[in-house]
Amino acid sequence: IYDFSLYNHLEYIDLSNNHIKFVRNYYFKSNSKLSFILLSNNNIFYIEDDSFSFKGTFNSLDLSYNQLENLSYNIFKESHFSNFNVRNNKLKVI
């Protein structure tokens, strides 16, 4: 996956169906205008702490249909989402 922090004008990003395996905390770090992040139907099994820690409210974060087994509060500790989708993962701990 590419470092999208350079594109600070983005409001919507759809990276679904891309065989992504992990999310690093700098991918979306300076994207203060992002409102929708779609990462469904990948193979994500790991998300680094602070990966979605943005001040403000997002409309949607979709992590459905991945390989996640646990989610740490630290991946999005300062963010608020109207819609948060994690269905069809392997979640054991949230």
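Read on for an overview of the structure. Residue positions within a chain follow its written sequence, with the count starting from 1. Local features are withheld for residues below a pLDDT of 70 in this predicted model, meaning they are given only at 70 or higher, and side-chain atom pairs are given and counted only at 80 or more; totals for whole chains, interfaces and linings count all residues. To obtain the side-chain values, all non-hydrogen atoms of the structure were used and water was disregarded.

## Regarding the side chain of Ser40
Part 1 of the reasoning: Locating Ser40 in the fold gives a position in the loop between strand E3 (36-38) and strand E4 (46-47).
Part 2 of the reasoning: Given a relative accessible area of 9%, Ser40 falls into the buried group.
Part 3 of the reasoning: Any pair of nitrogen or oxygen atoms within 3.5 Å is treated as a polar contact; in protein, a donor-acceptor pairing is required on top of that, and neighbouring residues in sequence qualify only through side-chain atoms on both sides. Engagement of the side chain of Ser40 in a polar contact is seen with the side chain of Ser16, the distance being 3.0 Å.
Part 4 of the reasoning: By the convention used here, residues are in contact when the closest approach between their heavy atoms is within 4.5 Å. Ignoring sequence-local partners within four residues, the contact set of Ser40 consists of Ser16, Asn17, Asp62, Ser64, Tyr65 and Asn66. The way it works is that DSSP assigns letters per residue, a run of H or I at least four long becomes a helix, a run of E at least two long becomes a strand, and they are numbered from the N terminus. Per-residue accessibility, obtained with a 1.4 Å probe over protein chains only, is compared with the maximum for each type, and a residue is labelled buried under 20%, exposed over 50%, and partly exposed between these values.

## Topic: the side chain of Ser51
Part 1 of the reasoning: In this structure, Ser51 sits in the loop between E4 and strand E5 (56-62).
Part 2 of the reasoning: Only 2.6 Å separates the side chain of Ser51 from the backbone oxygen of Glu48, close enough to count as a polar contact.
Part 3 of the reasoning: Leaving out residues up to four positions away in the same chain, Ser51 has contacts with Val23, Arg24, Asn25, Phe28 and Ile75.

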